[in-house]
Amino acid sequence: MDHSAIEPLNRVFLQLGPITIYWYAVLIMSGVAIGLYLAIREGKRMGIKPEFFYDLVTFGLPIAIIGARIYYVAFSWDYYSVHPEDIIKIWQGGIAIHGAIIASVIFGYFFCKRKNISLWLITDIAAVSFFIAQAIGRWGNFMNQEAHGGVVPGATLDAQREFLHSLFIPDFVINNMYINGAYYHPTFLYESLWNVIGFLIAIFILRKLSKLLVGEIAAFYAIWYSIGRYFVEGMRTDSLMLTDTIRMAQFISIITVIAVLIVVVARRVMKKNLVTYRSFYLKN
């Protein structure tokens, strides 16, 4: 096979004169739209008006994006301090999901308090939407040929390609993982599939458990995502670093799992706020 003939996929979704729309933005917004639809659908079962979620996304999404960008820039300051003009170039990639989550939770706390709606409940609903939004959004990294892992095993390019085939990865993904003369791990795909599995568990198992406490779907999201992110992050080549040897995402993942487990166990042991998720469903 002539590997040198492989061309990367076009990052541009649509060109309208001076306006360029990238696949990166399209995929992220598609994930948000599907997540919003799922949140509205679940909210209706609990008597929450769709307007609540429209307002939550309308005001919360820009805040989440800003938070994600600030987080990324802060931990890439060696570059951005020299190239400050690139700070606003979010269309080139460079947002961190942990920054988005932190900003979203802070905004969500005040928004729910103002609307007098349980924050625990909204985080449960949002967690499911986050799963699917992230699963779709990761394909924006694929189109940008970023957030990939290291070079896959294989002494030759044919051997590297065969390794990816052995993982049942389709050719169009393998082709776009051919970067600068080598094939790389599609870590975006690993994380996307991990999120899809988490989404299915939350939808088809957790939501059906009669004794699941409100807030524990969100806890599952935090733990499930953190475990997957820890291992995927270890494979990536573009990690944000806390120190020379500690990857920021792995550090945050460990802290998140420990903190969430403590909160979940403490609520159960102390028997405080033992309100179930399903108790919010409207009685027919």
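Residues numbered from 1 in each chain as written. Predicted model: local features only at pLDDT ≥ 70, side-chain atom pairs only at ≥ 80, totals over all residues. Heavy atoms only, no water.

In the nomenclature of an unreviewed UniProt entry, the chain corresponds to Phosphatidylglycerol--prolipoprotein diacylglyceryl transferase from the organism Turicibacter sanguinis. Per UniProt, the chain has the following entry under Subcellular location (unreviewed entry): "Cell membrane". According to UniProt, the comment filed for the chain under the heading Pathway (unreviewed entry) is "Protein modification; lipoprotein biosynthesis (diacylglyceryl transfer)." (UniProt positions renumbered as here; feature names shortened; annotations may be inferred.)

Visitor: Explain the nonpolar core here, please?
Guide: The tendency in soluble globular proteins is for nonpolar side chains to be buried as a group. Membership of the largest hydrophobic core comes to 53 residues, with the highest contact counts inside it found for Ile48, Phe52, Phe53, Ile125 and Ile217. Elements with a contribution of two residues or more to this core: helix H1 (23-44), helix H2 (50-74), helix H4 (97-115), helix H5 (119-144), helix H7 (171-176), helix H8 (187-204) and helix H9 (216-233). Setting aside residues no more than four positions away along its own chain, Phe52 makes contact with Phe111, Cys112, Lys115, Ile117 and Ile122. (Core = buried A, V, L, I, M, F, W, Y, C linked by side-chain atoms within 4.5 Å. Buried < 20%, exposed > 50% of the residue type's maximum accessible area, 1.4 Å probe, protein only. Helix = DSSP H or I, 4+ residues; strand = E, 2+ residues; numbered from the N terminus. Contact = heavy atoms within 4.5 Å.)

Visitor: How should the packing of aromatic side chains be read in this particular structure?
Guide: The relation between two aromatic rings is expressed through the spacing of the ring centres and the mutual angle of the planes. For the coordinates displayed, the defined rule picks out 22 aromatic pairs. Between Phe220 and Trp224, the ring centres sit 5.5 Å apart and the planes meet at 35 degrees, which makes this aromatic pair tilted. Here Trp224 and Phe220 lie together in helix H9, a separation of four residues that amounts to about one turn. Given the relative accessible area of 17%, Trp224 is considered buried. Where Tyr230 meets Phe231, the ring centres are 5.4 Å apart and the plane angle is 85 degrees; that geometry is what we call edge-to-face. Judged by its relative accessible area of 57%, Phe231 falls in the exposed class. By way of ring pairs, the aromatic residues Phe130, Phe131, Trp194, Phe220, Tyr221, Trp224 and Tyr225 are connected into one cluster. The ring of Trp120 is capped by Arg267, whose NZ or CZ atom sits 4.7 Å from the centre of that ring. (Phe/Tyr/Trp six-rings, centres within 6.5 Å; stacked < 30°, edge-to-face > 60°. Lys NZ or Arg CZ within 6 Å of the ring centre and 35° of its normal.)

Visitor: Help me understand the packing of H1 against H5, please; the structure alone is not making it clear to me.
Guide: Helix packing for two helices is described by the angle between their axes and how far apart those axes are. Direction vectors running N to C along H1 and H5 enclose 165 degrees, while the axes themselves pass 8 Å from each other. The angle between H1 and H5 falls in the class roughly antiparallel. Considering only the axes of H1 and H5, their crossing is right-handed. Of the residues that constitute the contact of H1 with H5, the class distribution is 14 nonpolar, nine polar and one charged. (Axes fitted to C-alpha atoms, helices over the stretch in contact; angles between N-to-C directions. Parallel < 35°, antiparallel > 145°, perpendicular 65-115°, else oblique. Left-handed = near helix turned anticlockwise from the far one by under 90°. Nonpolar A, V, L, I, M, F, W, Y, C, P; charged D, E, K, R; others polar.)

Visitor: Hey, could you run me through H5 in this one?
Guide: Given 3.6 residues to a turn, an α-helix orients residues that are three or four positions apart in the same direction. Its 26 residues give H5 an end-to-end C-alpha distance of 35 Å, which sits within 8% of 38 Å, the value for a rise of 1.5 Å per residue. Across the 26 residues of H5, 19 count as buried, placing the element largely inside the fold. N-cap assignment for H5: the residue whose side-chain oxygen lies 3.3 Å from the backbone N of Trp120 is Ser118. Looking one or two places after H5, you find Gln145, whose phi comes out positive at around 55 degrees. (Expected span 1.5 Å × (residues − 1). Polar contact = N/O pair within 3.5 Å; in protein donor to acceptor, adjacent residues only side chain to side chain.)

Visitor: I keep staring at the environment of Ile254 and nothing clicks. Help me out?
Guide: With respect to the helices and strands, Ile254 occurs in helix H10 (residues 248-270). In this structure, the C-alpha to C-alpha distance between Ile254 and Gly140, residues 114 residues apart in sequence, is 26 Å.

Visitor: It is not clear to me how the pattern of salt bridges should be interpreted in this structure. Could you clarify?
Guide: All told, the structure shown has nine salt bridges when counted by the stated rule. Among the ionic pairs, Asp86 bridges to Lys89, the shortest N-O distance being 3.1 Å. With a relative accessible area of 25%, Lys89 lands in the partly exposed category. If you follow the salt bridges from partner to partner, you end up with Arg229, Glu233, Arg236 and Asp238 in one network. (Salt bridge = Lys/Arg side-chain N within 4 Å of Asp/Glu carboxyl O.)

Visitor: Which parts of the structure should I look at to understand the UniProt feature "binding site: a 1,2-diacyl-sn-glycero-3-phospho-(1'-sn-glycerol)" (unreviewed entry) in the chain?
Guide: When the UniProt feature table is mapped onto this chain, "binding site: a 1,2-diacyl-sn-glycero-3-phospho-(1'-sn-glycerol)" (unreviewed entry) is found at Arg138. Within the element layout of this structure, Arg138 appears in helix H5. Excluding residues that lie within four positions of it along the chain, Arg138 makes contacts with Ala147, Phe188, Glu191, Ser192, Tyr225, Arg229 and Arg236. A distance of 2.7 Å separates the side chain of Arg138 from the side chain of Asn141, its partner in a polar contact.

Visitor: I tried to follow the side chain of His148 on my own but got confused; where do I start?
Guide: Here His148 lies in the loop between H5 and helix H6 (157-166). In this structure, His148 is in contact with Met177, Ile179, Tyr184, His185, Thr187, Arg236, Thr237 and Asp238, ignoring residues within four places of it in sequence.

Visitor: Explanation requested: the UniProt feature "transmembrane region" (unreviewed entry) in the chain in the structure shown.
Guide: Annotation from UniProt places "transmembrane region" (unreviewed entry) at residues 21-40, 52-75, 95-112, 119-137, 187-206, 213-231 and 251-270. Regarding residues 21-40, the helix share stands at 90% and the strand share at 10%, and the terminal C-alpha atoms are separated by 27 Å. With 84% helix and 0% strand, residues 213-231 has end C-alpha atoms that lie 28 Å from one another.

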